[in-house]
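Spelled out, the chains give:
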Amino acid sequence: MRDYPTATVRTRVTVPLRFGDGYSVDADLVTFHGLADDKEHLAVVLGEPTANPLVRLHSECLTGDVFGSARCDCGPQLREAVEQIALRGGVLLYLRQEGRGIGLYNKLDAYALQDQGLDTYAANAALGLPEDGRDYTAAAQMLQALGIDSLDLLSNNPDKADQLRDLGITVSHRVPTGVFTTAHNVRYLRAKVLQTQHTLPLPELTAG
């Protein structure tokens, strides 16, 4: 287990969330002191607390979460996660890791290369960037500051579970998200399955 400093809660405030499809829920938004990467990550606490909460590590995606980009599945995953976690009780960690950690400008540069035929991972590599530069130490700090050391993880990405376990968090089960395909993101989703073993059913990855 990797050693890392303890983080503490900075602010906790209730905010009513409203989504474009009419879904609404109240959430506690939590900020932190002492996160390892000094970024402004946010915990979204939903539903009633449980001994083994449902947790999602959601990496920030401005294009998908805010503008509804159809080139990824991030926006629908965020919307689904909020409702699923609210029903069961748990936390969504909104992590400032745009573009799998490479940043917004680099992500859009990678999009331009994808338009020339590269997949999402090859495009990052062509820019001299990691295929996936995300580190979840801050996520583990946030969970422990919230008193969570055991959870079910809402994710298709085995690396998230592996990293949390290495950081001392018990991941009891990994719960898959839905499959949100569009005509614009099928190649992206297939690449995630083939390159980084995301647990998405390949037969379902056809254009929506």
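Residues numbered from 1 in each chain as written. Predicted model: local features only at pLDDT ≥ 70, side-chain atom pairs only at ≥ 80, totals over all residues. Heavy atoms only, no water.

Draft legend 1. Here's a closer look at the overall build of the protein chain. A tally of regular secondary structure across the protein chain gives 8 helices and 7 strands. Within the protein chain, the fraction of its 208 residues that count as buried is 47%. Put simply, of all contacts in the protein chain between residues at least 6 apart along the chain, 62% involve residues at least 24 apart. (Helix = DSSP H or I, 4+ residues; strand = E, 2+ residues; numbered from the N terminus. Buried < 20%, exposed > 50% of the residue type's maximum accessible area, 1.4 Å probe, protein only. Contact = heavy atoms within 4.5 Å.)

Draft legend 2. Fine view of the pairing of strand S2 (residues 24-33). Where strand S1 (residues 8-18) and S2 come together, 10 bridges link them in antiparallel fashion. Looking at S2, one finds that Val9 is bridged to Phe32. Taking the residues between adjacent antiparallel strands as the criterion, S1 and S2 are bridged by 5 residues, where Gly22 takes a positive phi near 100°. As defined by bridge partners, S2 adjoins strand S3 (residues 42-46) across 3 bridges and the pair is classed as antiparallel. Directly across from Asp28, in S3, lies its bridge partner Val45. (Pairing = 2+ DSSP bridges.)

Draft legend 3. Seen up close, the nonpolar core. Within the largest apolar cluster, 26 residues are counted, with the highest numbers of intra-cluster contacts made by Leu57, Leu93, Leu143 and Leu151. The biggest single contributor to this core is helix H6 (residues 137-145), with 5 residues. Once residues within four sequence positions are removed from consideration, Leu151 is found in contact with Asn52, Pro53, Val55, Leu143, Ile169, Thr170, Val171, Ser172 and His173. (Core = buried A, V, L, I, M, F, W, Y, C linked by side-chain atoms within 4.5 Å.)

Draft legend 4. Focus on the side chain of Asp65. Mapping Asp65 onto the fold places it in helix H1 (residues 62-66). Side-chain polar atoms of Asp65 contact the side chain of His58, separated by 3.2 Å. Sequence-distant contacts of Asp65, that is, excluding residues within four places in its chain, are made with His58, Ser59, Glu60, Cys74, Gly75, Leu78 and Tyr94. (Polar contact = N/O pair within 3.5 Å; in protein donor to acceptor, adjacent residues only side chain to side chain.)

Draft legend 5. Local environment of the pairing of strand S7 (residues 170-175). For strand S6 (residues 150-154) and S7, the ladder comprises 5 bridges, and the chain directions are parallel. For Ser150, the partnering residue across the bridge sits in S7 and is Thr170. In this fold, S6 hands off to helix H7 (residues 158-166), which returns the chain to S7; that crossover is right-handed. (Right-handed = clockwise from strand over helix to strand, strands pointing away.)

Draft legend 6. Representation of the packing of aromatic side chains. What the rule picks out here adds up to 1 aromatic pair. Seen in terms of ring centroids, Phe19 and Tyr23 are 6.0 Å apart; in terms of plane orientation they differ by 40°. Their pairing is tilted. Looking at Tyr23, the relative accessible area reads 17%, which means it is buried. Taking NZ or CZ as reference, Arg71 lies 4.2 Å from the ring centre of Tyr111, over its face. The ring of Phe19 carries the charged tip of Arg79 above its face, separated from the ring centre by 5.7 Å. (Phe/Tyr/Trp six-rings, centres within 6.5 Å; stacked < 30°, edge-to-face > 60°. Lys NZ or Arg CZ within 6 Å of the ring centre and 35° of its normal.)

Draft legend 7. Examining unusual backbone geometry more closely. One non-glycine residue, Asp38, adopts positive backbone phi at about 60°. As for its placement among the helices and strands, Asp38 is situated in the loop between S2 and S3. Unusually for a residue other than glycine, Arg100 sits at a positive phi of about 55°. Here Arg100 lies in helix H3 (residues 98-101). For Arg100, a relative accessible area of 11% gives the class buried.

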